[in-house]
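Per-entry structural report
The residues making up each chain are set out below.
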Amino acid sequence: MDRPKLPVGRTRGAKLRLAAAAVFTLAIGHGVAVAQGTDPAQPAPPDPNVGLQRQVTLSPQEQLAQADADLARMEQARSNVRRQLMEAREQRDVVKTLCLNDKLTQMNVAISSAQERRDSLAAAVKRGDTDLATHDFTILSVLRQRSDQLSTEANQCVGEEEIGRASCRERV
């Protein structure tokens, strides 16, 4: 198969554009690689288990007291999300209502599980089973963290009005 012959000027221009694109791509790739590289002067990322390791040092009675405080905190966060949901419903904001309802449902599940774990923790403390108490306390701590995350996400739920403003800004 014969290729069509291009004028010499076009071939050289195409080659120059290809070379420029290759150099540009390499420069961008190098910049990204440098940006993602580890700097020895930067500290190592925090250990995600640090909080859990600290909590294990609590006595079973202290774990029970902390569990009660965590449950109170979770229930307070749920109340705040419930209030936000009621406001979104009053404003007839369907998007925000759906988002908040989803977060509230997930929080209800987390709190229900946390209450079960708290009861199991109390029983383990009463029996003197420190291993089970620590296990239940660790799970309860993870559920509290999940509740905190859901509360943060609920605060970021965006309603129809905010979506409309954002799309208007994009069009301008």
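Up top you'll find the structure we're talking about.
Now for a description of the structure that goes with this document. Computed from a predicted model, the values in this text were never measured in an experiment.

Of all hydrophobic cores here, the largest spans 14 residues; its most connected members are Met74, Ala114, Leu121, Ala133 and Leu143. At the level of secondary structure, the elements contributing two or more residues to this core comprise α3 (60-90), α4 (94-127) and α5 (130-155). Considering each element in turn, this core owes the most residues, six residues, to α4. Sequence-distant contacts of methionine 74, defined by excluding residues within four places in its chain, comprise Met107, Ala110, Ile111, Ala114, Leu143, Arg144 and Ser147. Listed in part, the ten residues of the second largest apolar core include Ala77, Leu85, Leu104 and Leu150.

Within this structure, the stated rule accounts for one disulfide. Between cysteine 99 and cysteine 157 runs a disulfide, and the two sulfur atoms are separated by 1.9 Å. On the sign convention where negative is left-handed, the bridge of cysteine 99 and cysteine 157, at about -70° about the S-S bond, is left-handed. Highlighted residues: cysteine 99 in helix α4 and cysteine 157 in the loop between α5 and α6 (160-171), separated in sequence by 58 residues. Relative accessible area serves as the criterion here: at 7%, cysteine 157 is assigned to the buried category.

Before going further, it helps to examine the environment of arginine 83. Residue placement: arginine 83 occurs in helix α3. With 17 residues separating them along the chain, arginine 83 and leucine 100 place their C-alpha atoms 9.8 Å apart.

What follows concerns the packing of α4 against α5. Taken N-terminus to C-terminus, the directions of α4 and α5 make an angle of 160°; their axes are 9 Å apart at the nearest point. As the angle between them shows, α4 and α5 are arranged roughly antiparallel. Both α4 and α5 take part in a crossing whose hand is left-handed. Within the contact of α4 with α5, the residues separate by chemical class into 15 nonpolar, six polar and seven charged.

Rules used throughout
- Residues numbered from 1 in each chain as written.
- Predicted model: local features only at pLDDT ≥ 70, side-chain atom pairs only at ≥ 80, totals over all residues.
- Heavy atoms only, no water.
- Core = buried A, V, L, I, M, F, W, Y, C linked by side-chain atoms within 4.5 Å.
- Buried < 20%, exposed > 50% of the residue type's maximum accessible area, 1.4 Å probe, protein only.
- Helix = DSSP H or I, 4+ residues; strand = E, 2+ residues; numbered from the N terminus.
- Contact = heavy atoms within 4.5 Å.
- Disulfide = S-S within 2.5 Å.
- Axes fitted to C-alpha atoms, helices over the stretch in contact; angles between N-to-C directions.
- Parallel < 35°, antiparallel > 145°, perpendicular 65-115°, else oblique.
- Left-handed = near helix turned anticlockwise from the far one by under 90°.
- Nonpolar A, V, L, I, M, F, W, Y, C, P; charged D, E, K, R; others polar.

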